[in-house]
Amino acid sequence: MIKTVDIHQEMHEECGVFGVFNHHQAALLTYHGLNALQHRGQEGCGMVSSDGTLLKQFKGEGLVKNVFKKKDVDALKGIHAIGHVRYSTSGGGGINNVQPFLFQSQNGPLGLCHNGNLVNANKLKGYLEQHGSIFQTTSDSEIIAHLLKRQRGSMLTRIKESLIYVEGSFAFLFLLENELYLALDKQGLRPLSIGKVGKSGIVISSETCAIDAVGAKFVRDILPGEVLRISKNGFESVFYSEDRKHQMCMMEYVYFARPDSQIEGINVYQARKACGKVLAEEAPVDADIVIGVPDSGMSSAIGFAEASKLPLELGLIKNKTSDRTFIEPNKLLREQGVALKLSVVKSVIKGKRVVLVDDSIVRGTTIKQLINLIKKAGAKEVHVRITSPEIKYPCFYGVDFSTYDELISANNTPTQMKDLIGADSIFFISIEGLIKGVGRKPGAHCTACYNKEYPTYLYDELKQANKEIK
Ligand code: SF4
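S.K.: How would you sum up the overall build of the chain? Please name residues and give values.
M.R.: When helices and strands are counted, the chain shows 18 helices and 24 strands. Burial analysis of the chain (470 residues in total) assigns 53% to the buried set. Restricting the contact set of the chain to residue pairs at least 6 apart, pairs at least 24 apart contribute 72%.

Have a look at this one:
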C-alpha cells in the first residue's frame with residue numbers, strides 16, 4: 001500500500017541562463033538548454049534571438065515546454081540567442097519581470113538576462129531614478145541596462161565601467177546584433193560555463209548539464225570578475241575588478257545544481273555522495289535502513305548507506321507528473337499550491353528504524369510532513385540526517401530564504417527542532433564536513449547562510465529587514 005503526501009518545495013534558486021553564439025539553430029539549442037536548466041526556475045522563461053541585424057523576443061510565465069510552441073521557437077530566427085528560466089525572489093513575479101529583457105537605445109538593441117541578486121539594487125535604483133531613469137520592470141536586473149546607458153566607449157568598456165557600481169551575485173548575458181558578452185561577479189557566487197557546439201558555435205550555460213544536453217563540448221568556466229566578449233573574431237577576456245575572491249555558493253552543490261553538472265570541476269552527484277559519507281562518520285546511527293528524499297537527498301543517501309553499511313531502500317517515491325511543476329513565487333501561493341508529491345512505500349518502512357537523509361532544512365514544513373507520513377506507515381524510529389549545516393542566516397544572493405524569521409534553524413536548537421518535526425534524532429553535517437565532502441579549496445566558497453560570513457558588503461536596508469545579522 002502506498003500513502004501519499006503533498007509537500008512544498010522549501011527553497012528555490014532564482015534563475016538559470018543559457019546562450020548560443022554563431023549557430024544556425026541558436027533558438028532551438030537555447031530551447032533545449034533552458035529545458036535542461038528548468039530545475040533552476042519554473043515561474044517564467046524567455047528568449048531573445050539575433051539574426052545579425054534584428055533582435056526578437058519571446059517570453060511567458062510557466063515551464064519552458066508550456067511557454068514555447070514550435071512556431072515560437074521557429075519565429076526566433078537567427079544565429080545567436082540568449083535564454084532565461086526564472087524563479088522570482090527579487091522584484092516579484094509577473095510577465096514584465098520575465099527575462100531576457102529587450103531594450104532599444106541609440107546604441108542599438110540589447111538583450112539582457114541575469115542569474116543572481118544585486119545587494120545594492122535599492123540604492124542604485126534610487127540614484128538612477130533621481131537622475132532621470134525610468135524603469136520598465138521591478139527586477140533588479142534592469143539596473144545594469146540603465147548603468148550601461150550612462151557609460152561611454154566600446155560595449156566592453158561600458159560593461160566594465162557599469163559593473164564597478166554593482167554588488168551582489170550575478171551571471172549576466174548581454175546580446176547585441178553580432179556580439180555576446182558574459183559577466184560574472186567578482187566573488188564568482190554563481191556558476192557560468194562555456195562550451196563549443198558544431199564547427200564554430202559557442203554555448204553558455206549556468207550549468208554544464210545543459211551544455212551536455214545540446215551536444216556541446218565543455219570548454220571552461222567563467223572566472224570571478226571576468227567579462228568575456230564573444231564575436232566572430234573569437235574571445236576577448238577582461239576583468240572589471242582587481243578585488244576578486246573565489247566564493248562559489250555551497251548550496252549549488254548541496255541542492256540547486258543537477259547531479260550530472262560539474263561545478264568548477266567537481267561533479268555534483270559525487271560531491272553529494274561524499275557528503276553523505278562524511279555525515280555517516282560525523283553522526284552514525286543504529287538503524288535498519290537508509291532512505292533519501294527525492295531528488296537532491298538521494299545522492300547523499302547513497303553515500304550515507306555505503307559508509308554506514310546499512311541497506312539503501314526506496315522508501316519515498318516521487319510522483320513523476322509533479323516534477324516541481326507548480327512552484328509559486330510567494331508564501332501564500334506556496335501554501336495553497338502543490339509543489340511536490342512524494343509517496344511512502346509502506347512495505348519498505350513498516351517496523352523499521354529509518355535514517356532519513358535530506359539535503360537541507362529551511363522552514364521545516366516539508367520534513368515535518370514527511371516524518372509524520374513515514375511514522376504513519378509504521379516506522380519504529382526516524383533519524384534525520386541533513387547534508388547541509390544548519391541554515392541560520394538569510395541569503396541575499398538569489399535564494400528565496402531572505403528573512404531571518406523564515407528559518408527554522410535560526411530560531412530553534414537542533415533538540416527543539418527534533419521535537420518540532422517529530423524525529424527521533426536529528427543531525428546536520430558540519431561546515432568543515434561539507435567542505436571536505438564537496439572537495440573545494442579552503443576559503444573558495446560562500447557559507448554565509450550557515451555562519452554569517454557574507455562575501456559582500458550588506459547595505460542598511462538588508463540589515464534593517466533582518467535585525468539578527470546587524
Ligand atoms: S548565503 Fe548560502 S545560499 Fe546564499 S550564496 Fe551563500 S551559500 Fe549560497
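Next comes the rest of the description.
S.K.: Could you give an account of helix α9 (residues 268-282), with specific residues and numbers?
M.R.: Compared with the 21 Å implied by 1.5 Å per residue over 15 residues, the 21 Å span of α9 between its first and last C-alpha is a close match. Counting buried positions over the 15 residues of α9 gives eleven, a clear majority of the element. Those residues of α9 lying buried are Val 268, Ala 271, Arg 272, Lys 273, Ala 274, Cys 275, Gly 276, Lys 277, Val 278, Leu 279 and Ala 280.

S.K.: I'd like a rundown of the packing of α9 against helix α16 (residues 431-438), residues and numbers included.
M.R.: The geometry of α9 relative to α16 is characterised by a closest axis approach of 7 Å and an angle of 140° between their N-to-C directions. The angle between α9 and α16 places the two elements in the oblique class. In this structure, α9 crosses over α16, and the sense of that crossing is right-handed. Here Ala 271, Ala 274, Cys 275, Val 278, Leu 279 and Glu 282 of α9 come into contact with α16, specifically with Gly 433, Leu 434, Lys 436, Gly 437 and Val 438. Considering only residue class, the contact of α9 with α16 consists of seven nonpolar, two polar and two charged.

S.K.: If you had to explain the site of the ligand to someone new, which residues and values would you point to?
M.R.: As a matter of local geometry, the ligand sits amid Leu 189, Cys 249, Met 250, Met 251, Cys 395, Tyr 397, Val 399, Cys 446, Thr 447, Ala 448 and Cys 449. Put simply, the parts of the chain that give the shell around the ligand at least two residues each are α8 (250-256) and α17 (448-451). Residues that form the shell around the ligand fall into these classes: ten nonpolar, one polar and no charged.

S.K.: How would you sum up the sheet that holds strand β7 (residues 108-118)? Please name residues and give values.
M.R.: Spatial ordering of the open sheet is given by β6-β7-β8-β9-β13-β14, a layout of six strands whose pairing is antiparallel. Because the sheet does not close on itself, it has two edges, and the strands there are β6 (101-105) and β14 (234-239). Ignoring strand direction, the axes of neighbouring strands in this sheet form an average angle of 20°.

S.K.: Account for the environment of Asn 451, with residues named and values stated.
M.R.: One can find Asn 451 in helix α17. Spatially, the C-alpha atoms of Asn 451 and Ile 391 are 8.4 Å apart, while their sequence positions differ by 60 residues.

S.K.: Outline the sheet that holds strand β23 (residues 425-428), listing residues and values.
M.R.: One open sheet holds the four strands; their spatial order is β18-β21-β22-β23, and the pairing between them is parallel. Because the sheet does not close on itself, it has two edges, and the strands there are β18 (289-292) and β23. Between one strand axis and the next, the sheet turns through 20° on average, direction left out of account. Pairing of strand β22 (residues 381-386) with β23 involves four bridges; the strand directions are parallel. Each bridged residue has a counterpart across the sheet, and for Val 384 the counterpart in β23 is Ile 426.

S.K.: Give me the lowdown on the packing of α9 against helix α10 (residues 298-308), citing residues and values where you can.
M.R.: The geometry of α9 relative to α10 is characterised by a closest axis approach of 6 Å and an angle of 40° between their N-to-C directions. Between α9 and α10, the angle is such that the two are oblique. The crossing of α9 and α10 is right-handed. Of the residues in α10, those touching α9 at Tyr 269, Arg 272, Lys 273, Ala 274, Cys 275, Gly 276, Lys 277, Leu 279, Ala 280 and Glu 281 are Ser 299, Ser 300, Ala 301, Ile 302, Gly 303, Phe 304, Glu 306, Ala 307 and Ser 308. Class assignment of the residues belonging to the contact of α9 with α10 gives a composition of nine nonpolar, five polar and five charged.

S.K.: Any details on the nonpolar core? Residues and values, ideally.
M.R.: If you look at the biggest cluster of nonpolar residues, it comprises 141 residues, and the most contacted ones within it are Leu 173, Leu 182, Ala 183, Val 203, Val 354, Leu 356 and Ile 374. Ranked by the residues each element gives to this core, the list is headed by α9, at seven residues. Residue assignment places this core across two domains, with domain 1 (15-246) and domain 2 (268-469) each supplying three or more. Sequence-distant contacts of Leu 182, that is, excluding residues within four places in its chain, are made with Phe 172, Leu 173, Leu 192, Ile 204, Ile 222 and Leu 228.

S.K.: Residue-level account of the confidence of the model for the chain, with values.
M.R.: Residues at a pLDDT of 70 or more form 88% of the chain, whose mean pLDDT is 89. Considering only residues more than four positions removed or in separate chains, one finds that residues 333-339, a stretch of pLDDT under 50, has 13 contacts.

S.K.: Any details on the environment of Val 203? Residues and values, ideally.
M.R.: Locating Val 203 in the fold gives a position in strand β11 (residues 201-205). The exposure class assigned to Val 203 is buried, which follows from the 28 C-beta atoms found within 10 Å. As for Val 203 and Ala 81, which are separated by 122 residues in sequence, their C-alpha atoms are 9.5 Å apart. In contact with Val 203, not counting residues within four places along its chain, are Gly 19, Val 20, Leu 29, Gly 33, Ile 194, Gly 195, Val 197, Ile 211, Val 214 and Ala 216.

S.K.: Describe the pairing of β22, with residues and values.
M.R.: Most of β22 is tucked away: five of the six residues are buried. As paired strands, strand β21 (residues 353-358) and β22 are joined by six bridges and run parallel to one another. The residue of β22 that forms the bridge with Val 354 is Val 382. Handedness of the crossover joining β21 and β22 through helix α13 (residues 365-376) is recorded here as right-handed.

S.K.: So what's going on with unusual backbone geometry? Which residues, and what values?
M.R.: That bond from Gln 99 to Pro 100 is cis: its omega, 5°, falls within 30 degrees of zero. For Pro 100, the position within the fold is in the loop between β5 (80-86) and β6. Following Pro 294, the chain continues to Asp 295 via a peptide bond in cis, the omega torsion being -5°. The residue Asp 295 is located in the loop between β18 and α10 in this model. With phi around 65°, Asn 22 is a residue other than glycine that occupies positive phi space. The topology assignment puts Asn 22 in the loop between β2 (15-21) and α1 (26-36). The phi dihedral of Glu 264 is positive, around 45°, even though this residue is not glycine. For Glu 264, the position within the fold is in the loop between β16 (262-263) and β17 (266-267).

Quick notes on the rules
Residues numbered from 1 in each chain as written. Predicted model: local features only at pLDDT ≥ 70, side-chain atom pairs only at ≥ 80, totals over all residues. Helix = DSSP H or I, 4+ residues; strand = E, 2+ residues; numbered from the N terminus. Buried ≥ 20, exposed ≤ 12 C-beta atoms within 10 Å, placed from the backbone. Contact = placed C-beta atoms within 7 Å. Expected span 1.5 Å × (residues − 1). Axes fitted to C-alpha atoms, helices over the stretch in contact; angles between N-to-C directions. Parallel < 35°, antiparallel > 145°, perpendicular 65-115°, else oblique. Left-handed = near helix turned anticlockwise from the far one by under 90°. Nonpolar A, V, L, I, M, F, W, Y, C, P; charged D, E, K, R; others polar. Near = placed C-beta within 6 Å. Pairing = 2+ DSSP bridges. Core = buried A, V, L, I, M, F, W, Y, C linked by C-beta atoms within 7 Å. Domains from an automatic or database assignment. pLDDT = per-residue confidence, 0-100. Right-handed = clockwise from strand over helix to strand, strands pointing away.

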